Amino acid sequence: MTGRAQPAPESGGPPGPWLLGVRHHGPGSAKAVRSALEARAPAVVLIEGPPEADALVPLVADEGMTPPVALLAHVVDEPGRSVFWPFAEFSPEWVALRWAQEHGVPARFIDLPATHTLALRAPDARQGADDDPAPGPETEAQPGPEAPEQQAATDGFRVDPLAVLAETAGYDDPERWWEDVVEHRTGAAGHGTAAADPLAPFAALDEAMGALREAYGDGGHERDAVREAYMRLQIRSARKEFGDDIAVVCGAWHVPALRTRSTVTADRALLKGLPKARTELTWVPWTHRRLARAGGYGAGIESPGWYAHLFAARDRPVERWMTKVAGLLRDEDRAVSSAHVIEAVRLAETLAVLRGRPLAGLTETMDAIRAVLCEGSDVPLALVRDRLVVGDVLGEVPESAPAVPLQRDLTRLQRRLRLKPEALERELELDLRKETDAARSRLLHRLRLLGIGWGEPSRSARGSTGTFRESWRLRWEPELSVRVAEAGVWGTTVEGAATARAESDAVGAQALAEVTALAEHCLLAGLSEALPIVMRVLTDRAALDADVGHLAQALPALVRSLRYGDVRSTDTAALAEVAAGLAERVFVGLPPACVSLDADGAAEMRTHVDAVHTAVALLGQETSARPGQGPSGPAGTSDSRGIRGRWHRVLRKLSARDTVPGVIRGRAVRMLLDEGVLAEDETARLMGLALSPGTPPADAAAWIEGFVGGGTGGMLLVHDERLLSLVDAWLTGVSADAFTDVLPLLRRTFSEYESGVRRTLGELVRRGPSDAQAPSAAGGGGLPGFAADLDPVRADSVLPVLRALLGLGAPDGPACTATATAGAAATSVPSDHDLRQEAAV
């Protein structure tokens with residue numbers, strides 16, 4: 001603080017109040033505001049924003065406050081109803097706040113109070129004919145310092161003032177027009193220096209906006225009349241206290257309305273009867289990415305990172321920008337030299353001259369970066385746009401800022417566990433055998449349970465599948481501050497809130513699978529107090545639910561939870577008992593449930609069978625590994641071999657019943673083969689029965705999908721040519737009409753294989769299995785189509801199609817036969833022999 005600012009000796013000019021119309025988040029406007037405040041030194045600064053935030057203004061000068069930040073207002077009883085007022089370092093409003101704090105000048109917000117703004121957004125709020133409908137969740141940040149001209153239209157016509165002015169000046173891009181007229185003109189005057197008349201830029205913008213308001217009225221922004229009436233009342237109140245020595249920083253669109261003479265009675269009449277809501281406000285961190293218009297922010301800008309650079313660069317902005325880009329590309333191991341930077345700067349300046357621009361703008365610099373630094377590639381250019389043009393800068397707020405107790409506990413945990421929130425997405429590898437990493441895992445899982453998606457589980461870069469290792473993808477978004485406020489209703493600490501939320505979700509869960517998934521979450525989050533309640537609900541639901549599909553859906557998550565006992569030191573004995581009982585009920589109910597299903601029902605039941613198969617394997621491992629359990633296992637059940645043995649008997653029943661859909665029968669046979677229960681000869685016999693001529697082609701194709709479907713089914717055919725020959729023999733015997741019906745199913749089955757597996761299968765089909773492996777036909781020979789050499793008759797049948805595709809024309813004479821290939825081999829035109837070989841592969 002330097003005390004009350006004294007007017008400059010040369011601060012002549014028009015008397016106050018001075019209406020400084022700005023573009024929100026415009027660095028040119030921010031520099032102009034600073035110059036005007038330095039020149040006029042007002043007694044008070046009035047800023048567009050919620051008046052309830054006046055008590056938070058002193059925090060602007062705190063050393064822990066680093067923009068971008070935002071004012072967050074939310075309804076006390078419904079934190080999800082919230083609104084943001086973002087501020088960046090280059091926002092004119094932020095510059096005005098900082099100037100006021102540095103010079104000991106009062107700063108006050110004068111926009112419509114948040115208590116009315118949030119109440120007007122309620123679905124059941126009383127809205128007049130001129131009120132805008134409540135915006136969607138992506139437009140939470142609309143009111144406040146955003147320009148209404150940037151709001152998404154809900155109904156009717158809305159004016160975009162920048163677009164109208166740019167079109168009038170002959171520009172097709174409003175951003176480019178703004179750069180030429182404001183940003184570059186202001187930057188040319190120097191950083192922090194004032195022009196001859198510091199109010200001249202505002203007078204010109206005021207005149208332009210006045211003309212637009214005369215032509216378009218409110219421009220489709222009906223609610224602005226209410227906001228502007230409140231602003232006029234606040235300006236009148238400030239003039240009574242401070243006289244005319246007042247500076248008002250607001251959106252340029254509002255300036256003509258604030259200059260309009262209106263009575264106090266008329267303004268108060270517009271505000272009469274507005275709904276109210278009890279609200280709370282605080283400062284929260286914000287990001288450049290959320291300032292971008294692409295992020296859904298109504299008053300967003302195209303290039304926050306570029307604007308921040310223009311505001312911070314004291315001189316030579318293009319050269320400094322190119323240096324930043326070169327540093328980024330070098331960090332990505334791209335060869336960028338000083339000569340590249342020099343040439344890129346020269347090219348950008350030349351492009352600006354050719355295009356008639358006062359200085360090189362973002363368009364010219366990006367064109368130069370693509371041509372010189374990126375060597376014409378758009379891949380590194382996209383990285384420049386993401387990291388620098390938009391940016392991942394995350395602001396900070398001081399600990400003294402108001403916050404709900406849950407937020408304070410979360411901040412304490414973040415600091416203790418050294419998990420700093422960052423806007424840039426990053427990977428986090430955790431070793432749960434280490435105490436700190438285990439605590440980090442519990443925190444992230446508890447936050448997920450509360451709906452605070454700071455981290456999402458991801459696949460480990462090391463390819464580890466052990467339960468002692470976890471991989472997370474972390475990224476902090478400003479909206480998470482709202483989620484924290486919403487979760488505050490569950491408790492004052494992260495652990496307490498997660499426990500209360502888990503207990504509530506368990507009681508209110510509708511499906512058994514939801515309860516088992518919740519039990520898994522409780523184990524991952526280390527919520528020992530919530531687990532007994534969840535387990536009691538799980539036991540009750542499992543006893544009452546007779547739907548095999550529900551039981552099959554619930555079993556995998558329950559069995560997975562058993563694996564966390566060792567690494568997380570959690571007692572899962574009760575969980576094992578429930579899981580074993582659930583598995584027994586699935587074994588009993590699964591065969592009847594698989595009878596007489598349609599195609600969709602069979603596909604869904606197949607996924608259940610796969611899940612149960614995996615769960616039984618894990619359950620067997622866990623129960624056999626538990627100390628002190630004999631052959632009977634928990635609660636009198638059999639040991640792991642008995643559990644697996646009963647599951648194998650269930651699979652045998654499924655594979656032998658004709659009333660079970662083919663996709664399930666084939667899957668059951670495949671599982672038995674993989675488990676070593678079925679011998680290869682028995683498997684071949686079952687496949688031969690399923691693919692016999694008496695089986696409808698559609699059922700046989702479904703059986704094949706179940707047996708060899710999935711990524712590993714192709715390798716089974718590659719290594720067991722007997723099974724491959726059976727499939728080939730069946731496929732070659734399918735009639736033309738039936739083949740058309742089963743082709744989509746077969747194509748879906750074989751498309752899941754890797755390209756190398758498909759090619760190997762094609763080569764095996766062309767060559768055929770060896771005599772020792774090929775099953776004998778009725779006549780004692782091999783299967784039709786398999787021989788040591790190529791079958792010319794079969795190969796000749798595809799030659800006309802291949803010739804038509806290759807544009808070779810119709811063959812003539814004996815050249816098309818299987819033996820006449822010598823003459824074609826001497827030319828560049830593919831011979832019929834070559835075409836046959838390609839067709840076979």
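This structure is a prediction, so every number in the text was calculated from the model and none was measured.

J.: Break down the overall build of the protein chain for me, with residues and values.
T.: Counting its regular elements, the protein chain contains 37 helices and 10 strands. Sorting the 841 residues of the protein chain into buried and exposed places 51% on the buried side. Contacts in the protein chain between residues far apart in sequence, at least 24 positions, make up 75% of those at least 6 positions apart.

J.: Before we move on, can you summarise helix α27 (residues 662-674) with the specific residues and values?
T.: Between its first and last C-alpha, α27 extends 18 Å over 13 residues, near the 18 Å set by a 1.5 Å rise per residue. Most of α27 sits inside the fold, with 12 of its 13 residues counted as buried. Among the residues making up α27, those that are buried are Gly662, Val663, Ile664, Arg665, Gly666, Arg667, Ala668, Val669, Arg670, Met671, Leu672 and Leu673. Looking one or two residues beyond α27, the residue adopting positive phi is Gly676, at roughly 80°.

J.: Give a detailed account of helix α28 (residues 680-690), specifying residues and quantitative values.
T.: The α-helix advances 3.6 residues per turn, and as a result positions three or four apart in sequence lie on the same side. Among the residues making up α28, those that are buried are Thr683, Ala684, Leu686, Met687 and Ala690. Down the axis of α28, the buried set is contained in an arc of 160°. They therefore lie on one face. If you follow the buried residues of α28, they end up packed against α27, α29 (697-708) and α31 (721-732).

J.: Residues and numbers for the environment of Ala485, please.
T.: By secondary structure assignment, the location of Ala485 is in helix α18 (residues 480-487). For Ala485, a relative accessible area of 9% gives the class buried. Each C-alpha atom of the pair Ala485 and Val76 lies 9.2 Å from the other, and the pair is 409 residues apart in sequence.

J.: Any details on the pairing of strand β1 (residues 18-22)? Residues and values, ideally.
T.: The element β1 is extensively covered by neighbouring structure, given that 5 of its 5 residues are classed as buried. The two faces of β1 match: Trp18, Leu20 and Val22 on one face and Leu19 and Gly21 on the other face are all buried.

J.: Tell me about the sheet that holds strand β3 (residues 69-75), residues and numbers included.
T.: Pairing within the open sheet is antiparallel, and its 3 strands lie in the order β4-β3-β7. The open sheet has two edge strands with one neighbour each: β4 (78-87) and β7 (279-285). Averaged over all adjacent pairs, the angle separating strand axes in this sheet is 25°, with direction ignored. Where β3 lies against β7, 7 bridges are found, and the strand directions are antiparallel. Across the sheet, residue Ala70 finds its bridge partner in β7, namely Val284. Sheet strands in contact with α18 are β3, β4 and β7, and its direction is about 150° off that of β4.

J.: Describe in detail the pattern of salt bridges, supporting the description with residues and values.
T.: Two side chains with opposite charge may pair up if their charged atoms get near one another. For the coordinates displayed, the defined rule picks out 47 salt bridges. Measuring nitrogen to oxygen at the nearest pair gives 2.8 Å for the salt bridge that ties Asp111 to Arg227. Pair noted here: Asp111 is in the loop between β5 (107-109) and α3 (114-120) and Arg227 is in helix α7 (residues 224-242), with a separation of 116 residues, a long-range link. A relative accessible area of 7% places Arg227 in the buried class. The salt bridge involving Asp431 is made with Arg433; its shortest N-O contact spans 3.0 Å.

J.: Summarise the side chain of Ser303; cite the residues concerned and give the values.
T.: Tracing the backbone shows Ser303 in the loop between α10 (288-291) and α11 (304-312). In contact with Ser303, not counting residues within four places along its chain, are Leu362 and Val389.

J.: Hey, could you go over the side chain of Arg667 for me, with residue numbers and the actual values?
T.: Within the secondary structure, Arg667 is located in helix α27. Note on Arg667: relative accessible area 16%, which makes it buried. If near-sequence neighbours (up to four positions away) are discounted, Arg667 is found in contact with Arg606, Asp610, Gly706, Phe707 and Gly709.

J.: Give a detailed account of the environment of Asp77, specifying residues and quantitative values.
T.: Examined against the element boundaries, Asp77 turns out to sit in the loop between β3 and β4. Note: C-alpha distance between Asp77 and Ala277 (200 residues apart in sequence) is 9.2 Å.

Each value, and the rule that gives it
- Residues numbered from 1 in each chain as written.
- Predicted model: local features only at pLDDT ≥ 70, side-chain atom pairs only at ≥ 80, totals over all residues.
- Heavy atoms only, no water.
- Helix = DSSP H or I, 4+ residues; strand = E, 2+ residues; numbered from the N terminus.
- Buried < 20%, exposed > 50% of the residue type's maximum accessible area, 1.4 Å probe, protein only.
- Contact = heavy atoms within 4.5 Å.
- Expected span 1.5 Å × (residues − 1).
- Arc of directions from axis to C-beta.
- Pairing = 2+ DSSP bridges.
- Axes fitted to C-alpha atoms, helices over the stretch in contact; angles between N-to-C directions.
- Salt bridge = Lys/Arg side-chain N within 4 Å of Asp/Glu carboxyl O.

In short, geometric facts, not functional conclusions.
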